[in-house]
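# Structure at a glance
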Amino acid sequence: MILLKNIQINSIESLRDAVQKAIELEHATIPPYLTANFTLTNTGNDEISKLIGSVVGEEMLHLSIACNLLNAIGGSPVLNKPGFIPEYPGPLPGGVEEGLIVPIAKFSKQLIKDKFMAIEKPEDPIDIKLMRTAAFEEKKEITIGEFYNKIIANMKALEERAQENCNTIFTGDPSYQMANGKWFPEQELFAINDLDSAEKAINIIIDQGEGTSMDPFVNLDDLGPGEAAPEPAHYYRFEEIYKGKKLVKVKDSSTKVGYSYSGADIPYDPSKVPNMKENPKMNDYPVDSPAYTNSKFFNYNYTSLLNSLHITFNGKPDTIDKAMGLMFAIRLYALRLLTTPDPNNPGYVAGPSFEYVTDEDLTKEEKTMLKSHKPGR
Amino acid sequence: MSYLNTPRLTFSGKFQADPSTVNNDPNHFNNATFRPEFQDYNLPGNPGTNGWWNPDGTGNFRLIDCVVTSVTYQDGTTTSNPEDDAIIGMSVMDADGRVAGKIVDLDSQQQGVSEIWGMQVRIVDDGNDLMTGDYKEAAFTNLWLNRSTDIKGGAGKATASYQSVITNINWNIEQSNSRYLQELKDASKDMLSIQFTVDRYNLDHTSAEFTIGRLAGSIGPSSTLEPNHCVLGRQMFPVGSNCNYATAVVDDSLKTITMDLSNALQFGKVNGKVEVVETRNLTLAINIGTAEVPEYDYIGKINYRVPGWYMQQSGSCTFNLSKEQLDLVNKYPLTIVDYQASNPNTLTLDPTVTQVFNESAEYAIADKFVFRLNPKEQCAVNFYATELGKIAANKTIEIQQAPYMFDDPPVPVTGVPTSAIQNASQVVTNEYGTAVLEITAGDPDNPREFIDGQIYALTYNLEGQSFSGGNQNNFISLLVFDSVKQEKIDCPTWEDLQPTMQQYANLYPLMSKGVFNLAKQEVVDNNAKILKFVFSKEKTDPNYMPATRDLSGDKQKMILNYLDGILGVIDCETKETIA
């Protein structure tokens, strides 16, 4: 279970800050999940890859929901600043310092168990009822689910107060909502314009991430039409991978409904997974190495992806199409890195580092050199 | 107006061209004989084998580490000092909010006109876009295989030039305080002319610089009255050895002549540095005599020996003209001679000088010269005729089909059936010096069997001249696609699509191994939504699929109808749209 620092929400500004934090948090899981999934390409582990891919897709949905929410309450999502991407390895945004350290690493069952399941772990796994309305104001640390529930509770309070003054906190421009049904079904990604739609949207995030308090499977209402029901929440999907078995509903002797990892096999063959050195960094590679060049191209495309998402959620929702193209582009560069030897570590291959590269490719030294150039004709 | 007119800037740096090369061999299109090793890198020491030098290419074309190196203002003054103008040192970049532009061959059997599609161009200062615009797709020209003497054979030794226009421009220069940018915007707010020359390309896939080469270019004003891909100017043809085409523009009001030699001179290593290795004393002159008995009025020496000249000035140089010279230059052809230092300080008639470049005084050129056509489609070739750089009316341009321009068998036969393209055999320029040639495509009916459609070449020349006497780089290349039976388009089965999809899976391994293996029905069916998205894009969109832009209109419709069937959008039997 990942624990976040408790936050104070007592004004519309602090609510917006909290939702921006949610955007950063939703994004932060994507690089580690994507990297693990990249390393499964063409390794014969398609079943596992599909499961991780489905989680990544939902994290992207959650990111989009959080951006819609922030726009709805009159904020402006920020997705393209250097600090937007967390340091890997490191805690997730908003996480407590002594908490979980998340790496960029190749797929392994240990990674799933120690890191991915830990990120997604609900406060109380399955049959212990999660009291969403429990008072958490006095807690120092809260779970992701509690974090979102806190947003809902405070949003409600702020909206009630606003309405007493014949006002609303949902002051955002409706045209900024990304809800075109193009890439996510409209049941999952819809316009947020009032308390009901906001609460419904946040509950999708909580449910897909943690499951409901009584059921590890995602509420059928929160499934897209293309999604095969029933689908476990993220934590249980990762546990399926770890256990190598699908999660199924079982009835025990006392006819109580329970759940067990006794479904179809989810096979794992580690033999072809590329041996990527953990937590690659562009500047660790010598500048004259193919690893550096491809790392730079990867990061440039990744930064471009964040730029396009920033534009998407700052008034031009159709720009999501450009972001889609970039999502495939980063995959191609990641796969290239995974076939490029790591120049510093014999026996290893390079990997994607998910670093923000500034708009201009020149190094500081190159810039200085150029600026000191004297006119010569 | 063009990149050679003021207000102009020069920029230089590097480029990346990352094409997939499995399709460099036409026979790799044959699914029946395709072998997995065709997706591997060259056999060691054996270029042109297996998947050639870059089987895992992404197709991307990028501008890398390019910076503005100098500007020339509207009034002809110039600077390369950032203290004079903040534009100096700013970056010239491609997109950072969408995928990169693409480098695209017209056809496996016409790889000499590679185009850039879908590229964005930006002028960037400290993370702020001051100018963004779309690069209009353009093919390179003036390919010169013998450019770099220090590089052994192949594309690394070669050079070529791209000229195009930037449109859909957004300006954001209020904060920049750059006099140059303000002048450029005032002069040419809606469209800019851009040219760059690329060379010293790295084909070694073990190198950090793999798929990267050197780039030097210029940006200047543009006008809808002028061509997009060539300059209405003075066309300098190489007559000596070891040089290539150059272009110049005379500015009557500034009394200057600006010459682009970026693709004209040879390079090599001098004391470990890459410099021009031209040893002749190149001097620009006006030939006020005749071709047979020349008489020279000298304008000035070409300053290519200044260290760093090429990357600093992007291979261009500007000369001031006296009033008399301006009159002469508008009456007589230019020439570049090897001026002998044995006649010190006397820029006078010297019959012993050797001509290195001569002006092609009467000149005709097709602006855009690469076309893709589906059966029954038409394209318009815009010709321009000039005389000493000025537009020339009432000039007859003759056009011929020229199947010999492409490779001979054993690769599939090209240029037949000749009946699949119809066009007039001559056109005459109007008062603006332009003429339009309409070309109508028929159905080639699959003469190349395993490659869709057919390629055709049209050569042209001014009446009284010959094609071989002109610049042969600019002949017209056409790819005419085959048609598909209407019932297959309307109601396609997977079997109808499979050969085409198999071909893409074979030829683009990075895509088929890393993203979608299009040869597999389940993959196509499961990804129908995203595939419909990319297959239905405009060709100018960088996300357009296939990146190679070699899919016929009929096959595109067939694929989209198939995907719509999978997505449940249309029922092909009843032709009804399902709500």
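We now turn to the structure provided with this report. Quantities reported herein were computed from a predicted structural model and do not represent experimental measurements.

One pair of aromatic rings is described through two measures. These are the centre distance and the angle between the planes. Counting across every chain of the model gives 33 aromatic pairs over all chains. Taken together, a centroid distance of 5.0 Å and an interplanar angle of 90 degrees make the contact between Y235(A) and Y236(A) edge-to-face. Given a relative accessible area of 2%, Y236(A) falls into the buried group. Ring centres of F237(B) and Y245(B) lie 5.0 Å apart, and the angle between their planes is 85 degrees; this geometry places the pair in the edge-to-face category. Of the two residues, F237(B) and Y245(B), neither departs from the other in class, the shared state being buried.

Another point: the pattern of salt bridges. Once their charged atoms are close, side chains differing in charge can pair, the charge on each being opposite to the other. Applying the stated criterion across every chain, the model contains 36 salt bridges over all chains. With a shortest N-O distance of 2.9 Å, R336(A) and D18(B) are connected by a salt bridge. Of this pair, R336(A) sits in helix 9 (residues 320–337) while D18(B) is found in strand 1 (residues 8–18), placing the two residues in two different chains. For the residue pair R336(A) and D18(B), the accessibility class agrees, reading buried in each case. Its salt-bridge partner being R448(B), residue D107(B) comes within 2.8 Å of it at the nearest N-O pair. Within this pair, whereas D107(B) is found in the loop between strand 5 (101–104) and strand 6 (115–117), its partner R448(B) is found in the loop between strand 30 (434–441) and strand 31 (454–462), the two being separated by 341 residues in sequence.

The subject of this paragraph is the side chain of R234(B). All names here are of chain B. Of note, R234 is situated in strand 13 (residues 234–238). With a relative accessible area of 2%, R234 lands in the buried category. A distance of 2.8 Å separates the side chain of R234 from the backbone oxygen of V329, its partner in a polar contact. Engagement of the side chain of R234 in a polar contact is seen with the backbone oxygen of Y332, the distance being 2.9 Å.

Moving on, we get to the sheet that holds strand 32 (residues 476–480) of chain B. All names here are of chain B. Read from one edge to the other, the open sheet built from 5 strands follows the order 24-32-31-27-29, with strand pairing classed as mixed. Single-partner strands in this sheet number two, and they are strand 24 (370–373) and strand 29 (426–428). Each neighbouring strand pair of the sheet contributes to a mean axis angle of 25 degrees, computed without reference to strand direction. In the sheet, strand 27 (residues 396–401) pairs with strand 29 via 3 bridges, with the strands oriented antiparallel. The residue bridging I397 from the neighbouring strand is V427, located in strand 29.

This brings us to the sheet that holds strand 21 (residues 334–338) of chain B. Residue and element names in this part refer to chain B. If you trace the 8 strands from one edge of the open sheet to the other, you get 19-18-21-22-13-14-15-20, paired in antiparallel fashion. On the outer flanks of this sheet lie strand 19 (296–301) and strand 20 (316–320), each paired with one strand and no other. Sheet twist, expressed as the mean angle between neighbouring strand axes with direction ignored, is 30 degrees. Strand direction decides the pairing type here: strand 18 (residues 282–287) and strand 21, joined by 5 bridges, are antiparallel. Residue L284 lies in a different strand from strand 21, and its bridge partner there is I336.

Below, the discussion takes up empty space enclosed by the protein. Inspection of the entire model under this criterion finds 7 cavities of 30 Å³ or more. One number sums up the size of the largest cavity: a volume of about 290 Å³. Y3(B), T141(B), N142(B), Q163(B) and T247(B) are the residues nearest the centre of the largest cavity, which is lined by 26 residues in total. Contributing elements (two or more residues each) for the lining of the largest cavity: strand 9 (138–144), strand 10 (159–171), strand 13, strand 14 (246–251) and strand 23 (362–366) of chain B. Considering only residue class, the lining of the largest cavity consists of 12 nonpolar, 12 polar and 2 charged. Approximately 180 Å³ is the volume found for the second largest cavity. Along the wall of the second largest cavity there are 18 residues; nearest its centre are E26(A), E120(A), I144(A), G209(A) and E210(A).

Turning next to the nonpolar core. I52(A), I151(A) and F535(B) are the most contacted members of the largest nonpolar core, which totals 148 residues. Top element by residues in this core is helix 3 (residues 46–72) of chain A. It accounts for 13 residues. Not counting residues within four places of it along the chain, the set of residues in contact with F535(B) comprises M501(B), L518(B), M545(B), P546(B), L551(B), Q556(B), I559(B), L560(B) and L563(B). With 45 residues, the next largest nonpolar core counts L232(B), A364(B), A385(B) and Y460(B) among its residues.

So, on to the packing of helix 4 (residues 109–120) of chain A against helix 7 (residues 234–243) of chain A. When two helices pack together, their arrangement is given by the angle between their axes and by how far apart the axes lie. Residues and elements named next belong to chain A. The interhelical angle for the contact between helix 4 and helix 7, taken along N-to-C directions, is 165 degrees, at an axis separation of 9 Å. With respect to helix 7, the element helix 4 is oriented roughly antiparallel. Crossing of helix 4 over helix 7 shows left-handed handedness. Contact residues: helix 4 offers K109, I112, K113, F116, M117 and E120, while helix 7 offers H234, Y235, F238, E239, I241, Y242 and K243. For the contact of helix 4 with helix 7, the class distribution of residues is 7 nonpolar, 1 polar and 5 charged.

Here is what the cut-offs are and how they apply
- Residues numbered from 1 in each chain as written.
- Chains lettered and ligands numbered in written order.
- Predicted model: local features only at pLDDT ≥ 70, side-chain atom pairs only at ≥ 80, totals over all residues.
- Heavy atoms only, no water.
- Phe/Tyr/Trp six-rings, centres within 6.5 Å; stacked < 30°, edge-to-face > 60°.
- Buried < 20%, exposed > 50% of the residue type's maximum accessible area, 1.4 Å probe, protein only.
- Salt bridge = Lys/Arg side-chain N within 4 Å of Asp/Glu carboxyl O.
- Helix = DSSP H or I, 4+ residues; strand = E, 2+ residues; numbered from the N terminus.
- Polar contact = N/O pair within 3.5 Å; in protein donor to acceptor, adjacent residues only side chain to side chain.
- Pairing = 2+ DSSP bridges.
- Axes fitted to C-alpha atoms, helices over the stretch in contact; angles between N-to-C directions.
- 1 Å grid on protein atoms, 1.4 Å probe; cavity = no way out; pocket = protein on both sides within 12 Å on 5 of 7 lines; lining within 4 Å.
- Points joined across faces, edges and corners; volume = space filled by probe spheres on them.
- Nonpolar A, V, L, I, M, F, W, Y, C, P; charged D, E, K, R; others polar.
- Core = buried A, V, L, I, M, F, W, Y, C linked by side-chain atoms within 4.5 Å.
- Contact = heavy atoms within 4.5 Å.
- Parallel < 35°, antiparallel > 145°, perpendicular 65-115°, else oblique.
- Left-handed = near helix turned anticlockwise from the far one by under 90°.

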